[in-house]
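As a plain string of letters, each chain reads:
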Amino acid sequence: MISPIIDENKLERLRALINSAQRIAITCHKSPDGDALGSSLALCHVLRRLGKEAVVVTPDMAPKALEFIPGVRELVVFTKHELRARNVLGEAQLIFCLDFNSMKRIDRLAEVVEPLKTKRVLIDHHLDPDDAFDVLISHPEASSTCELVFRVLMQMGLLRFMDRQAASCLYVGLLTDTGGFAYSSDNPEFYEILASIMRRRIDRATLYNKAMNTFSENSLRLQGYAINEKMRLFPEQGAALIVLSQEELERFNYSRGDTETLVNKPLAIPGIYWSVFLREDADRIKVSCRSQGDFSVSDICARYFNGGGHSNAAGGDFIGTLDQAVSVFEQVLSDLFPNTNSTDNQPTQEITTS
Ligand code: 5GP
Ligand code: MN
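Residues numbered from 1 in each chain as written. Chains lettered and ligands numbered in written order. Predicted model: local features only at pLDDT ≥ 70, side-chain atom pairs only at ≥ 80, totals over all residues. Heavy atoms only, no water.

## Re unusual backbone geometry
In step 1: The phi dihedral of Phe 181 is positive, around 65°, even though this residue is not glycine.
In step 2: With respect to the element layout, Phe 181 can be found in the loop between helix 6 (164-176) and helix 7 (188-198).
In step 3: Note on Phe 181: relative accessible area 26%, which makes it partly exposed.
In step 4: Even without a glycine there, the phi angle at Arg 201 is positive, about 55°.
In step 5: Looking at the element boundaries, Arg 201 is found in the loop between helix 7 and helix 8 (204-212).
In step 6: The class of Arg 201 is exposed, set by a relative accessible area of 66%. (Helix = DSSP H or I, 4+ residues; strand = E, 2+ residues; numbered from the N terminus. Buried < 20%, exposed > 50% of the residue type's maximum accessible area, 1.4 Å probe, protein only.)

Next comes the structure, spelled out in structure tokens:
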């Protein structure tokens, strides 16, 4: 049985809001991932089947690798179609905010959404949500926002409107936010939800392959380079660090999403239980962290990198140079492991042979 974990009073209010709205906008966090896009597009499909005019507005573009998700081509992307995005949000009678916990996570879209009087509904699984929402459905124990969208639909009696397309979108979020059912997926109900999705006859194998096992040649070569030549291991602290500069990214014709799962790779090494990836973007250093077990990287991202996230998957933005970001990482090592030696096993290219 799938338990009704979402507060019925909140769903009652949500039902009233949906009933009284015809035009509905849905938004999700910047640099949208499989869960952000999957949950937003699934909800959009269902609302349309309910007869609503629903539109998904994203702060920026979806990565190429996720273009296979049904409905991605209809996204209104703020950085590309700013006027249209402003109109859709301005005219919406209800706004859903999916897969983020704070308005900071939608970048410049926040300037558009925040002044609006329109009712806002949050559905999310990140820790510590803002209270800037009229209905706040926040369950950090959930695997993904896709799981929560499923549960909202189930408890509201709307699962019959979840067609094959919506189910495919939800599958992508359940899959990608758990690293292919590797973590955050211990609740047996997670698999009951998957079973219900499978009954919509989704093309599971194709979706799996596209979401988990498809990379451009550039991306694969960049990942190979990063692991072979840039990965530093700190065995005493169970840590790994990969740093990529803009010059290196350009050498591999980097496009958004190409390094999406790179930060997970060092965790395959026995004894390495947390991993940090620093990527030099045009205006900031993008920080990505992953960990295994009880070691929380969301605290590290919040304290040192102006970010946050989940215990085992977090990120942030660092304003400064790549070298400064590396110094902060070294500071983390010495703060968290004061009595250890923080010299690393250098990547192969830096090992000198005589
Ligand atoms: P990723 O490393 O894939 O970019 O992000 C992993 C997780 O960390 C995301 O699901 C999100 O929860 C969180 N995260 C990433 N970047 C940021 C950020 O800049 N700020 C906050 N608060 N969380 C972030
Ligand atoms: Mn998510």
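## Points about the sheet that holds strand 7 (residues 232-234)
In step 1: Spatially, 7-8-9-10-12-11 is the arrangement adopted by the 6 strands of the open sheet, whose pairing is mixed. The two strands at the open ends of the sheet, each matched to only one other strand, are strand 7 and strand 11 (308-309).
In step 2: Of the strands in this sheet, strand 7 and strand 8 (239-244) are in contact with helix 9 (residues 217-230), which crosses strand 8 at around 125°.
In step 3: In the packing of helix 11 (residues 297-304) onto the sheet, the strands contacted are strand 9 (274-280), strand 10 (285-291), strand 11 and strand 12 (313-318), and the crossing angle to strand 12 comes to about 10°. (Pairing = 2+ DSSP bridges. Contact = heavy atoms within 4.5 Å. Axes fitted to C-alpha atoms, helices over the stretch in contact; angles between N-to-C directions.)

## Section: the nonpolar core
In step 1: Counting residues in each nonpolar core, the largest one holds 59 residues, and the members touching the most others are Leu 14, Ile 69, Phe 96, Ile 123 and Ile 197.
In step 2: Considering every element that reaches this core, the biggest residue donor is helix 6, with 8 residues.
In step 3: When residues no more than four places from it in sequence are discounted, the contact partners of Phe 96 are Leu 14, Ile 18, Ile 24, Ala 25, Ile 26, Thr 27, Leu 43, Leu 47, Val 121 and Ile 123.
In step 4: Listed in part, the 26 residues of the second largest apolar core include Ala 239, Trp 274, Phe 295 and Phe 337. (Core = buried A, V, L, I, M, F, W, Y, C linked by side-chain atoms within 4.5 Å.)

## Some remarks on the packing of helix 6 against helix 7
In step 1: Close contact between helix 6 and helix 7 brings their axes to 10 Å; oriented N to C, the two are set at 150°. As far as their axial angle goes, helix 7 and helix 6 are roughly antiparallel. Of the two possible hands of crossing, helix 6 and helix 7 adopt the one that is left-handed. Residue-level inspection shows Ala 167, Leu 170, Tyr 171 and Leu 174 of helix 6 in contact with helix 7, the latter providing Phe 190, Ile 193, Leu 194 and Ile 197. (Parallel < 35°, antiparallel > 145°, perpendicular 65-115°, else oblique. Left-handed = near helix turned anticlockwise from the far one by under 90°.)

## Re the confidence of the model for the protein
In step 1: For the protein, the average pLDDT comes to 95, and 97% of its residues sit at 70 or higher.
In step 2: When pLDDT is averaged over each helix and strand of the protein, the minimum, 92, is found for strand 11 and the maximum, 99, for helix 5 (residues 145-155).
In step 3: Confidence drops under a pLDDT of 50 for residues 350-354, and excluding neighbours within four residues, the segment shows 1 contact in the predicted structure. (pLDDT = per-residue confidence, 0-100.)

## Structural notes on the coordination of the manganese ion (ligand 2)
In step 1: Around the manganese ion (ligand 2), the donor atoms from the protein are Asp 35 (OD), Asp 99 (OD), His 125 (NE2) and Asp 177 (OD), and they sit 2.2 to 2.4 Å away.
In step 2: Every donor residue of the manganese ion (ligand 2) comes from the same chain, spaced as D-x63-D-x25-H-x51-D. Of this pair, Asp 99 sits in the loop between strand 4 (94-98) and helix 4 (109-113) while His 125 sits in the loop between strand 5 (120-124) and strand 6 (135-138), and the two are 26 residues apart along the sequence.
In step 3: When its relative accessible area of 1% is taken as the criterion, Asp 99 is described as buried. (Donors = N, O, S within 2.8 Å, 3.2 Å for Na, K, Ca; no water.)

## Thoughts on the site of ligand 1
In step 1: The full set close to ligand 1 counts 14 residues, and His 126, Lys 286, Ser 288, Arg 290 and Ala 314 are the nearest of them.
In step 2: A distance of 3.1 Å separates a nitrogen atom of ligand 1 from a polar backbone atom of Gly 308.
In step 3: At a separation of 3.2 Å, an oxygen atom of ligand 1 approaches a polar backbone atom of Gly 315.
In step 4: Within the complex, 83% of the 500 Å² of free accessible area of ligand 1 lies under protein.
In step 5: Looking at the shell around ligand 1, the elements that each hand over two or more residues are strand 10, strand 11 and strand 12.
In step 6: Considering each element in turn, the shell around ligand 1 owes the most residues, 5 residues, to strand 12.
In step 7: Its residues assigned to classes, the shell around ligand 1 shows 2 nonpolar, 8 polar and 4 charged. (Near = heavy atom within 4 Å. Polar contact = N/O pair within 3.5 Å; in protein donor to acceptor, adjacent residues only side chain to side chain. Areas by Shrake-Rupley, 256 points an atom, 1.4 Å probe, with all protein chains shown as cover. Nonpolar A, V, L, I, M, F, W, Y, C, P; charged D, E, K, R; others polar.)

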